[in-house]
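Coordinate analysis (summary)
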Amino acid sequence: HNFSIEATSNPGASLLALSQTLAPATDTSIALTGTAGALAALVLHDDNLPPPAGTAGVRVVNTSASGDSFDVFVNFSKQVAGLTVNTASPYLNFNAAANVGTVYEFDFNVAGTTTVVLKLAAVALASSHKYTIYLTGPTTALQGIVTQDF
């Protein structure tokens, strides 16, 4: 499959072209990384099989522009150490209520330090679903984008 990324302000002018073979009967996410003029694509193979009963699955993807690695804390417990740029953690399973979900705090520190650069204080996770948290932007202005994969 061929993909072309274009700016809405200049349709037809390709910012990034990607040729990627997609396996049949699978799900794939493509995250754009890098800065303007130096975009790259990070192709992720999604695991959309249901998590164990009563849990939600979460993976974290580091697409930050500054190249820093991050430690990921969930409710103040380190779950991922040194997540490098342009990589994804494995899916982590957390207990979650079915209808209203269960709220978790996700904190992201520069790897090996106590310096919190992003705090997502109220991420609601519902059981039987999987989520991805994309880290984006420079470390000094890191943002988290939470998506429900299924």
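For the structure itself, consult the block above.
To start, this report covers the structure provided alongside it. (Residues numbered from 1 in each chain as written. Predicted model: local features only at pLDDT ≥ 70, side-chain atom pairs only at ≥ 80, totals over all residues. Heavy atoms only, no water.)

Focus on the pairing of strand β3 (residues 27-33)
- Here β3 pairs with strand β4 (residues 40-46) via seven bridges, running antiparallel. Within the sheet, the bridge partner assigned to Thr33 lies in β4 and is Ala40.
- Linkage of β3 to β4, two consecutive antiparallel strands, is achieved through a turn of six residues, within which Gly34 is found at a positive phi near 95°. (Pairing = 2+ DSSP bridges. Helix = DSSP H or I, 4+ residues; strand = E, 2+ residues; numbered from the N terminus.)

Topic: the side chain of Ser127
- Its location among the elements puts Ser127 in the loop between β11 (116-125) and β12 (130-137).
- Non-local contacts of Ser127, meaning those with residues more than four positions away in its chain, are made with Gly54, Thr55, Ala56, Ala96, Ala97 and Ala98. (Contact = heavy atoms within 4.5 Å.)

Concerning the sheet that holds β11
- Spatially, β7-β6-β10-β11 is the arrangement adopted by the four strands of the open sheet, whose pairing is antiparallel. Strands at the two margins of the open sheet, each flanked by one partner only, are β7 (77-83) and β11. Between one strand axis and the next, the sheet turns through 20° on average, direction left out of account. (Axes fitted to C-alpha atoms, helices over the stretch in contact; angles between N-to-C directions.)

Here's the deal with the packing of aromatic side chains
- On inspection of all chains with the given rule, the structure shows two aromatic pairs.
- When the ring of Phe94 is compared with that of Tyr104, the centres are 5.3 Å apart and the planes differ by 50°; the resulting orientation is tilted. Note that Phe94 is positioned in strand β9 (residues 92-95) and Tyr104 in strand β10 (residues 102-110), a separation of ten residues in sequence. Accessibility classification places Phe94 together with Tyr104 in one group, the buried group.
- Between Phe94 and Phe106, the ring centres sit 6.2 Å apart and the planes meet at 85°, which makes this aromatic pair edge-to-face. One end of the pair, Phe94, is in strand β9; the other, Phe106, is in strand β10, and twelve residues separate them in sequence. For the pair Phe94 and Phe106, a shared accessibility class is recorded, and that class is buried.
- Taken together, the ring pairs in this structure connect Phe94, Tyr104 and Phe106 into an aromatic cluster.
- It is Lys130 that lies over the ring of Tyr91; its NZ or CZ is 4.7 Å from the centre. (Phe/Tyr/Trp six-rings, centres within 6.5 Å; stacked < 30°, edge-to-face > 60°. Buried < 20%, exposed > 50% of the residue type's maximum accessible area, 1.4 Å probe, protein only. Lys NZ or Arg CZ within 6 Å of the ring centre and 35° of its normal.)

Brief notes about the nonpolar core
- Grouped together as the largest cluster of nonpolar side chains are 23 residues, with contacts concentrated most on Phe94, Phe106, Phe108, Leu125, Ile133 and Leu135.
- For this core, the secondary-structure elements that each account for two or more residues are β5 (55-64), β6 (70-74), β7, β9, β10, β11 and β12.
- Considering each element in turn, this core owes the most residues, four residues, to β11.
- Core analysis: the second largest hydrophobic core is formed by five residues, Leu42, Leu44, Val61 and Tyr134 among them. (Core = buried A, V, L, I, M, F, W, Y, C linked by side-chain atoms within 4.5 Å.)

Observations regarding the pairing of β10
- Relative to β10, β6 runs antiparallel, the two being bridged by five bridges. Each residue of the ladder has a partner; that of Val74, found in β10, is Phe106.
- Hairpin remark: β10 followed by β11, antiparallel, with five residues in the connecting loop; positive phi at Gly112, about 80°.

Topic: unusual backbone geometry
- The phi torsion at Ala25 lies on the positive side, around 60°, for a residue other than glycine.
- Tracing the sequence through the fold places Ala25 in the loop between β2 (14-19) and β3.
- You will see that Phe76, though not glycine, has its phi angle at about 70°, which is positive.
- Tracing the chain through its elements places Phe76 in the loop between β6 and β7.

Describing the side chain of Thr139
- Among the structural elements, Thr139 can be located in the loop between β12 and β13 (143-148).
- Of note is the side chain of Thr139, whose polar atom sits 2.6 Å from the side chain of Ser66.
- One polar contact links Thr139 to Asp68, side chain to side chain, over a distance of 2.4 Å.
- Those residues in contact with Thr139, other than ones at most four positions away along the chain, are Ser66, Asp68, Phe70, Val110 and Val117. (Polar contact = N/O pair within 3.5 Å; in protein donor to acceptor, adjacent residues only side chain to side chain.)

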